[in-house]
Amino acid sequence: RLVSAMTPAPGRGPTPMTPRTPPTLPRAAVDAAVADERRRLADLIDGLTDPQWRTPSLCAAWTVRDVVAHLTLAHASPLTAAVGLIRAGGNFDRMVRDTAIRQARLPVPELRGRLRAMVGSRRIAPFLAPIHPMIDVLCHAQDIARPLG
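Calculation criteria
- Residues numbered from 1 in each chain as written.
- Predicted model: local features only at pLDDT ≥ 70, side-chain atom pairs only at ≥ 80, totals over all residues.
- Heavy atoms only, no water.
- Helix = DSSP H or I, 4+ residues; strand = E, 2+ residues; numbered from the N terminus.
- Contact = heavy atoms within 4.5 Å.
- 1 Å grid on protein atoms, 1.4 Å probe; cavity = no way out; pocket = protein on both sides within 12 Å on 5 of 7 lines; lining within 4 Å.
- Points joined across faces, edges and corners; volume = space filled by probe spheres on them.
- Nonpolar A, V, L, I, M, F, W, Y, C, P; charged D, E, K, R; others polar.
- Expected span 1.5 Å × (residues − 1).
- Buried < 20%, exposed > 50% of the residue type's maximum accessible area, 1.4 Å probe, protein only.
- Salt bridge = Lys/Arg side-chain N within 4 Å of Asp/Glu carboxyl O.

Time to look at the side chain of D143. Position of D143 relative to the elements: it lies in helix α7 (residues 132-148). When near neighbours in sequence (up to four residues on either side) are disregarded, D143 contacts S57, L58 and C59.

The space that makes up the largest pocket amounts to roughly 930 Å³. Lining the largest pocket are 37 residues; nearest its centre among them are L73, F92, V96, A125 and L128. The set of elements that each furnish at least two residues to the lining of the largest pocket consists of α3 (64-72), α4 (78-87), α5 (92-103) and α7. Considering every element that reaches the lining of the largest pocket, the biggest residue donor is α4, with 8 residues. Broken down by class, the residue content of the lining of the largest pocket amounts to 24 nonpolar, 8 polar and 5 charged.

This part takes up α7. Given a rise of 1.5 Å per residue, 17 residues ought to cover 24 Å, and the 25 Å separating the end C-alpha atoms of α7 matches this to within 8%. What α7 keeps buried is the set P133, M134, V137, H140, A141, D143 and I144. Buried residues belonging to α7 abut α1 (27-46) and α3. Residue G149 follows α7 closely and has a positive phi angle near 90°.

What follows concerns unusual backbone geometry. Phi at A61 takes a positive value of approximately 70°, unusual for a residue other than glycine. Here A61 lies in the loop between α2 (50-53) and α3.

The final tally for this structure, using the stated rule, is 9 salt bridges. We note a salt bridge from D43 to R116, for which the minimum N-O separation is 2.9 Å. Of the two residues, D43 sits in helix α1 while R116 sits in helix α6 (residues 108-117), which places them 73 residues apart along the sequence. Judged by its relative accessible area of 31%, R116 is partly exposed. For E110, the salt bridge is made with R114, and the minimal N-O distance between the two is 2.7 Å. Separated by 4 residues within a single helix, E110 and R114 lie in helix α6, roughly one turn from each other. Given a relative accessible area of 33%, R114 falls into the partly exposed group. The structure contains a network of salt bridges with shared partners spanning R27, D31 and R122.

Okay, structure coming up:
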């Protein structure tokens, strides 16, 4: 059920509106949903053929393999992220692209294992909110699944 971010002011009837804080999910619910989505994606990629790993994803210039590699980087150490950012000249988008492409060179069984190992993890990258892994896996699962049919 969708809840409006605007609600009538108390005692004012339906016309005057005041902002209302949108509802939030408890951390345990977010973590459980992230685990479920990661498990579903891990199950999907377990059955991919070599040509399917090379399928262009919905992410511009990335294959399915590149997107899976990107998702596994959520568990990279802060040092790895810092080195990637320095290599990219401080450009965050370039760092994300470059590190994913480097990670995609790993053997497919390694990528599968890394994604599967993330199921149930509560770890999040520095400066992100607990909901960000959910957004990441939901969006990128579609980037992978839709082109595969």
